[in-house]
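Reading the structure
Now for the letters of each chain:
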Amino acid sequence: MHLPTPESIRQKRNELGLTQSELAKRAGVSQPLIARIEAGDVDPRLSTLKRIFDAFDKSEKESHVVARNLMNTNVISISAEEPVDAAVKIMEENDISQIPVVENGVPIGSISEETIVRSMAEKKALEVSKMKIRDLMGDTFPVVSPGTHVKLVSHLLETTPAVIVLESGQIAGVVTKHDLMKLLRG
């Protein structure tokens, strides 16, 4: 049986691109304890080593996750020439809160519940419902390739509700915050 050395633990952490703080958080221990283990100042309990190596295993699995593994290929989109009430109907029927606006297979904008509600504060509901999506849509969601790493997708989702996955110039899928949270289930 091969027991890990302080150096091998530090080396593994570095290979996975984890800081001591990140490893500590994932393993449920303190950062100073990780530092002391790596320095050889303390002999960790077997249960602590197990938690560290479980964190390593999870990090290794995550390092191979790309947009292709997360994306939903059933992309619901709408044309900019449709009325806003058509978007509302699609959102209600599909239990979604935003839709990419697409023309000729290319994303040109987005429409969301938030945008619609905001516009209702300025105009009457009937007036908003008959508006063209083109007149109300926001910016397009960020676009990535299928091989984009989960870390970049995660950073993009911090500021936007969805990320479009384009392959060969066509929409291949969409990744939402909900899709990303599925990774937490292991």
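The structure reproduced in this document is the subject of the present report.

With respect to the sheet that holds strand E3 (residues 143–144)
An order of E3-E4-E5 is seen for the 3 strands of this open sheet, with the pairing classed as mixed. Bordering the open sheet on either side are E3 and strand E5 (170–176), each of which pairs with just one other strand. Examined bridge by bridge, strand E4 (residues 162–167) and E5 share 6 bridges and lie antiparallel to one another. Within E5, the residue paired with Val163 across the bridge is Val175. Taken strand by strand, helix H9 (residues 150–157) contacts E3, E4 and E5, and its axis lies near 135° from that of E4.

Points about the packing of aromatic side chains
Evaluated as defined, the whole model comprises 1 aromatic pair. Both rings, one in Phe53 and one in Phe56, keep their centres 5.2 Å apart while their planes meet at 85°; by these two values the pair is edge-to-face. Taken together, the residues span about one helical turn, with Phe53 and Phe56 both in helix H4 (residues 46–63) at a distance of 3 residues. Judged by its relative accessible area of 32%, Phe53 falls in the partly exposed class.

Some remarks on the nonpolar core
Of all hydrophobic cores here, the largest spans 15 residues; its most connected members are Ile78 and Ile111. Residue contributions to this core peak at 5 residues, all from helix H6 (residues 84–94). When residues no more than four places from it in sequence are discounted, the contact partners of Ile111 are Ile78, Ala87, Met91, Ser97, Gln98, Ile99, Val101, Ile116, Ile133, Leu136 and Met137.

Some points on the side chain of Ser119
Position of Ser119 among the secondary structure elements: in helix H7 (residues 113–120). The class for Ser119 is buried, based on a relative accessible area of 5%. Those residues within four positions of Ser119 in sequence are excluded, and the remaining contacts are Val128 and Leu136.

What counts, and at which threshold
Residues numbered from 1 in each chain as written. Predicted model: local features only at pLDDT ≥ 70, side-chain atom pairs only at ≥ 80, totals over all residues. Heavy atoms only, no water. Pairing = 2+ DSSP bridges. Helix = DSSP H or I, 4+ residues; strand = E, 2+ residues; numbered from the N terminus. Contact = heavy atoms within 4.5 Å. Axes fitted to C-alpha atoms, helices over the stretch in contact; angles between N-to-C directions. Phe/Tyr/Trp six-rings, centres within 6.5 Å; stacked < 30°, edge-to-face > 60°. Buried < 20%, exposed > 50% of the residue type's maximum accessible area, 1.4 Å probe, protein only. Core = buried A, V, L, I, M, F, W, Y, C linked by side-chain atoms within 4.5 Å.

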